[in-house]
Each structure stands twice: as C-alpha cells, then as structure tokens.
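The chain contents come next:
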Amino acid sequence: MQMDGLSIGSNNKNIVACRLIQQQPNQVVQRVTIGSLPDNVLLEIFDLYINTVLFKEAARNWEKLVHICRRWRYIIFESPIRLNLQLFCTKRSPVRELLDIWPPFPLIIQLCYGFSYDPGDSTDILIAALERRDRIREIQVHISDPQDDPCEQIITAMGEPFPALRSLSFKSFHQRVRLDTLLNGSAPCLRDLSLRGISFPSLPQLLSSASDLTSLRLDNIPKSGYIPPEIMATSLSALPKLKSLTIDFDFPTSHPERRNRAPPPLTRFVLPALTSILFCGVSEYLEVLAARFDAPLLNEFNIRFFHRPVFYIPQTVRFLSCLDSFNPSSQTLTINLWGFLYISLDSNTTHHFTNPPILSWHIMIMCIDPDSQVDSVTQICSQILPFRSSVTSLIIKYHGISNLDPTPWLQLFHSFPAVQSLQIPVELQPFVTSVLEGPREESLPAAEVFPLLHSLSIVGLKPGESVQQPIQSSFRRRSGCTVAVSRTCRDD
C-alpha cells in the first residue's frame, strides 16, 4: 500500500487521516482514521512531519503532537533519537518553564541581538545554559546592533566547556569581538564551527580537540584575529573529517612574513573528506596553505584575491592539478571584467552527474581598474599550465571597453591553443580583429592564435546591427579555418 495524502490537525486525533490505496489497479479505495494505524506507522508519519525539509519549521513544534493524546505522547517520547527531539531556547522563550516541563532533550540556544524579529532578554537563557551545559547541542549567537550587545556576558558564558556541543555559530555583523577562550579550549563533539567578525587567537588550540569537525567557516577575520598560514595548516591537519572550509579575511594585508617564511615541506598531509574550499585574502597566504596539504576529493574551489601587482601561484596550481576531480577534458573558461575581475573554469560535462564530481574553480580579484584587471588575468592564465590545453570554450564578458592595449590580450589568447568556441562582447569586435590581424611579436605568430576556432559569438548586438565585416574577413582569410559567426542577446 502507498500513502496518497496526509493532513495533520492539533485539536482531535480523528482529524488526522490518510488515504491508503491498494497497489493493484481497479481496487476499491479504503479510508481509515489514523487511530487504527499501528505504532510503527505513526512513528514514520511523525518522523516525516518533524524532520523532512517540507515541514522544516515543524522541528520546533513537535510538542503540539504530544498534546493530541496519550498514545501519541508515548510513541514520541519513546523515540527521542529517531525523531531528533530538541528544545529550542530563544530570547522569547520561557526557558525555565520549558526545562521544567519537558524531558531532558538536547537544547538549541539561539540568541539574536539587534534583530527586530527577536526582542527580549537573554539573561535567563544564559543562566540556563550554564546550568545544563551537558545538554546543549547547538548554540547560535548573532549580534547585529552594537547597542544591544551584552558581549561580556556572552563571552563569559561561551568560555565554559560544553561537552555535548555539535554546532556553534558566533557572528558579529557591525563590530569586532575578541575571544580569549572558547568552550574552555575543548570541543570533542563539535561538527560545525562558524565565526564571523571574531578575533580568536586561540582557535588552533580548539581545533586540536575537534577531530569530528566537518565544517569550518571563518568569515570577516579582523586584523587582530590573524593566524599565520603555517599555524593554520597545522590546525587543519587535525581535522580528518573536514568537508567544507572557509577562510575569509576582511583586510588586504593578510600576508605571511616573507623574512621568516619556511620552505614548503617535503611531505604534505591529506584532508581525505574535504570537498569545498572558499578562500578570501592575498595569494601569498593561499600559497603557503596549498603547499602543505592535499585534498583528493575537492571538487569546488572558490578564491577571492585582494589585488596585488604580482600574482605568483605555483603551489595553488599544483594543488588543483593533483585533485582526483581534475579532468583535463573539455572545459569552459569564463573571464568577466565587469566590476571586479572573475575567472572561472567549469567542465563542459554536467559535473553534478559524474562520479567522482569534476573540479570547478572560480577566482575573483577585487580590482576595478581595467588595465590592472587585464594584467591580472594574463598573469594568472599564464600559470595554469595543466588547465590551458583543456579549454575548448572561452567566454569574455566586458562592458564599456575603450582604448585598451591589445598586446596583453594577444598574450592571453595565445595561452589557449585548443579553443574552438569564442564568445566576446560587441565592444570587442574591432579589438579582436586587431589582435588577429594586426602587428605581432615574432614570438606570437598569427597562425598560433586560436588555430582550432570554428565558432564566434558576438554578445550585445542591437536590433538591426550586424557583425562587422572586418572580423568576418579576418577569419575567412585564415588558412583552412571556417568560422561560424553568430549574434547573441546580452543577458543584462
């Protein structure tokens, strides 16, 4: 039999009903009340209601079900682990009453300061947390308004040990908070740690005890919270179950001292479960990290570099090319010089359906000067040797181009000999023509620029506007090359 429909009410157990349909065709539909269902079926229904994504908010409203009848209450209380029963304590909750009424289920502490949707006083919650640390599974502290910020009270409370804590999110959105200690320096059960705007110099000590950690997110790291990359790498080596890593500095001087920098180690440690990295900082910091570990299962790498005159990233390129998800087959490289500079490389294969997933990486450089952007993208693309021969599709997005020097672009184009499909904005028509036909350095002969090109797409042509004749002629004159030129609407 299969369940065709389900509705839940909180006033009478007979309101809840389900339609049971025989799997055989042409059978009569039998309607029954939920009271006639066995306990194991009811348990399945409660599990769906409390823990499925469709009823996500119901996870904190399971207490409504136990008020329906004694039988329901017995079934629910007999399966607290299966149903993931938890008590949610917020600034609006009568915390002590909840703790006195309900069984000793795990506690979820949510404290939001400066948010209009969560007024109230947190004193009662903090006191309750200190008295029942062994039951607290998750803590969320989010501070939006400095005027509503009992930081000293929070910091004192968070410095105590929480032996059962699995998830901690401590975020400050408008001011920087310094923590000298957190969880008494020990987190044996911690799986998720998220800090934003927090200076926490003792983080390495905490991570050394958090071997079960699967997600580490450090956002908007202030100057006072800077941790040298060598120490950060050593801390990461103690996290064999880590799947997701975010290191996000909010200042551009997050670079290691060159004078005291040690040479890369001869052996690297492995993070066997890591699949996703987001890094924001200077390239020198990432270089030190990339030289110290491997992550064979990584398939998503997002990088945001602060602009520097020189980008030298050999260790980062080595790190990417050694991944199991690195696939040297057909790839699309997108260069977006609209606002900040974006460079992304994605497989032309739908990587969500491949096993293992195919690597996808993205680089953003926080620079808005067009000349500096072109110079930066040329520097980076000249270093990604393991990837260049696999780029068969090149997409360039740029709006408002004028009077740019074609020389660095020629050097860039020359880096991708396997390109078969090229997409450019309409502003680049005369520019591309000059690159392909104009004077060249002897070291970059014309025949070597996109020798396999067979498709050119011009983005942004207005109604009635045609592809310029010179760009069509330039391709027709190329020996053995037939290029299909098309027009595409701009997606902005």
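Here the structure is a predicted model, which is why all the values come from computation and not from measurement. (Residues numbered from 1 in each chain as written. Predicted model: local features only at pLDDT ≥ 70, side-chain atom pairs only at ≥ 80, totals over all residues. Heavy atoms only, no water.)

Participant: Can you explain the overall build of the chain? Please cite residues and give values.
Facilitator: Helices and strands together make up the secondary structure of the chain, namely 15 helices and 23 strands. Going through the 492 residues of the chain one by one, you find that 48% of them count as buried. At a minimum sequence separation of 6, the contacts of the chain that also span at least 24 residues come to 69%. (Helix = DSSP H or I, 4+ residues; strand = E, 2+ residues; numbered from the N terminus. Buried < 20%, exposed > 50% of the residue type's maximum accessible area, 1.4 Å probe, protein only. Contact = heavy atoms within 4.5 Å.)

Participant: Lay out a nonpolar patch on the surface with the relevant residues and their values.
Facilitator: On the surface, Phe340, Tyr342 and Ile368 cluster together to form a nonpolar patch covering roughly 300 Å² of accessible area. Along the chain, the position of Phe340 falls in strand β18 (residues 340-347). The exposure class assigned to Phe340 is partly exposed, which follows from its relative accessible area of 32%. (Patch = residues over 30% accessible without salt bridge, like charges linked within 9 Å, V, L, I, M, F, W, Y side chains within 5 Å. Areas by Shrake-Rupley, 256 points an atom, 1.4 Å probe, with all protein chains shown as cover. Salt bridge = Lys/Arg side-chain N within 4 Å of Asp/Glu carboxyl O.)

Participant: Tell me about the packing of helix α1 (residues 39-51) against helix α3 (residues 70-77), and name the residues and values.
Facilitator: The N-to-C vectors of α1 and α3 enclose an angle of 75°; their axes lie 10 Å apart at closest approach. The orientation of α1 relative to α3 falls into the category roughly perpendicular. Contacts between α1 and α3 involve Asp39, Leu42, Leu43 and Phe46 on the former and, on the latter, Arg71, Trp72, Ile75 and Ile76. The residue inventory of the contact of α1 with α3, partitioned by class, reads six nonpolar, no polar and two charged. (Axes fitted to C-alpha atoms, helices over the stretch in contact; angles between N-to-C directions. Parallel < 35°, antiparallel > 145°, perpendicular 65-115°, else oblique. Nonpolar A, V, L, I, M, F, W, Y, C, P; charged D, E, K, R; others polar.)

Participant: Help me get a handle on the environment of Val317, residues and values and all.
Facilitator: Summarising the element assignment, Val317 is placed in helix α10 (residues 314-321). C-alpha of Val317 to C-alpha of Ile380: the two residues are 63 residues apart in sequence and 9.7 Å apart in space. If we skip the residues at most four places from it in the chain, Val317 touches Gln383, Ile384 and Pro386.

Participant: Just give me the short version of the pairing of strand β16 (residues 300-306), but keep the residues and values in it.
Facilitator: Relative to β16, strand β14 (residues 276-281) runs parallel, the two being bridged by six bridges. Bridge pairing in β16 links Gly281 to Phe305. (Pairing = 2+ DSSP bridges.)

Participant: Explain the pattern of salt bridges to me, and be specific about the residues and the numbers.
Facilitator: Per the counting criterion, the structure on display carries 11 salt bridges. A salt bridge links Arg217 to Asp219; the nearest nitrogen and oxygen atoms lie 2.5 Å apart. Overall, Arg217 belongs to the partly exposed group, its relative accessible area being 37%. Residues Asp248 and Arg304 are paired through a salt bridge, measuring 3.5 Å at the closest nitrogen-oxygen approach. Taken as a pair, Asp248 in strand β12 (residues 244-249) and Arg304 in strand β16 lie far apart in primary sequence, 56 residues in all. Using a relative accessible area of 26% as the deciding quantity, one classes Arg304 as partly exposed. A single network of salt bridges, built from pairs that share partners, joins Glu44, Asp47 and Arg82.

Participant: Go over the side chain of Ser169 with me, naming the residues and quoting the values.
Facilitator: By the secondary structure assignment, Ser169 is in strand β7 (residues 167-172). Under the relative-accessibility criterion, Ser169 is labelled buried at 11%. Only 3.0 Å separates the side chain of Ser169 from the side chain of His142, close enough to count as a polar contact. Beyond its immediate chain neighbours, meaning those up to four positions away, Ser169 contacts Ile139, Gln140, Val141, His142 and Ser194. (Polar contact = N/O pair within 3.5 Å; in protein donor to acceptor, adjacent residues only side chain to side chain.)

Participant: Outline the packing of helix α8 (residues 229-236) against helix α9 (residues 283-290), listing residues and values.
Facilitator: Closest axis-to-axis distance for the α8/α9 pair is 9 Å, and the angle between their directions is 40°. In terms of orientation, α8 lies oblique with respect to α9. For the element pair α8 and α9, the recorded crossing hand is right-handed. Residues Pro229, Glu230, Met232 and Ala233 of α8 lie in contact with α9, whose contacting residues are Tyr285, Val288 and Leu289. For the contact of α8 with α9, the per-class residue count stands at six nonpolar, no polar and one charged. (Left-handed = near helix turned anticlockwise from the far one by under 90°.)

Participant: Tell me about the nonpolar core, and name the residues and values.
Facilitator: If you look at the biggest cluster of nonpolar residues, it comprises 130 residues, and the most contacted ones within it are Leu183, Leu193, Leu216 and Phe319. Here this core takes six residues from α1, the largest share from any one element. Leaving out residues up to four positions away in the same chain, Leu183 has contacts with Met158, Gly159, Glu160, Pro161, Phe162, Leu165, Leu168, Leu190 and Leu206. (Core = buried A, V, L, I, M, F, W, Y, C linked by side-chain atoms within 4.5 Å.)

Participant: How would you explain the packing of aromatic side chains if you had to name every residue and give the values?
Facilitator: As enumerated under the stated definition, the model contains 17 aromatic pairs in all. On the numbers, 5.2 Å between centres and 65° between planes, the contact of Phe293 with Phe319 is edge-to-face. Highlighted residues: Phe293 in strand β15 (residues 293-294) and Phe319 in helix α10, separated in sequence by 26 residues. Each residue in the set Tyr226, Phe249, Phe251, Phe279 and Tyr285 is aromatic and connected to the rest through ring pairs, giving one cluster. (Phe/Tyr/Trp six-rings, centres within 6.5 Å; stacked < 30°, edge-to-face > 60°.)

Participant: Tell me what's going on with helix α11 (residues 370-381), and back it up with residues and numbers.
Facilitator: Given a rise of 1.5 Å per residue, 12 residues ought to cover 16 Å, and the 16 Å separating the end C-alpha atoms of α11 matches this to within 8%. Taken together, the buried residues of α11 touch β17 (331-338), β18, β19 (360-366), α12 (385-388) and α13 (406-414). (Expected span 1.5 Å × (residues − 1).)

Participant: Could you give me a rundown of empty space enclosed by the protein, with the residues and numbers involved?
Facilitator: Tallied over the entire structure, the rule returns four cavities of 30 Å³ or more. Reported here for the largest cavity is a volume of approximately 110 Å³. Looking at the largest cavity, it is lined by 15 residues, and the ones nearest its centre are Ile198, Leu203, Leu218, Ile221 and Gly225. Secondary structure elements with two or more residues in the lining of the largest cavity: β9 (192-196), β10 (198-199) and β11 (215-221). Sort the elements by how many residues they give to the lining of the largest cavity and β11 lands first, with three residues. Tallied by class, the residues present in the lining of the largest cavity amount to 10 nonpolar, three polar and two charged. Roughly 80 Å³ of internal volume is contained in the second largest cavity. In this structure, the second largest cavity is lined by Leu245, Ile247, Ile277, Leu278, Phe279, Leu286, Leu289, Ala290, Phe293, Phe301 and Phe319. Broken down by secondary-structure element, the contributors of at least two residues to the lining of the second largest cavity are β12, β14 and α9. When grouped by side-chain class, the residues that make up the lining of the second largest cavity number 11 nonpolar, no polar and no charged. (1 Å grid on protein atoms, 1.4 Å probe; cavity = no way out; pocket = protein on both sides within 12 Å on 5 of 7 lines; lining within 4 Å. Points joined across faces, edges and corners; volume = space filled by probe spheres on them.)

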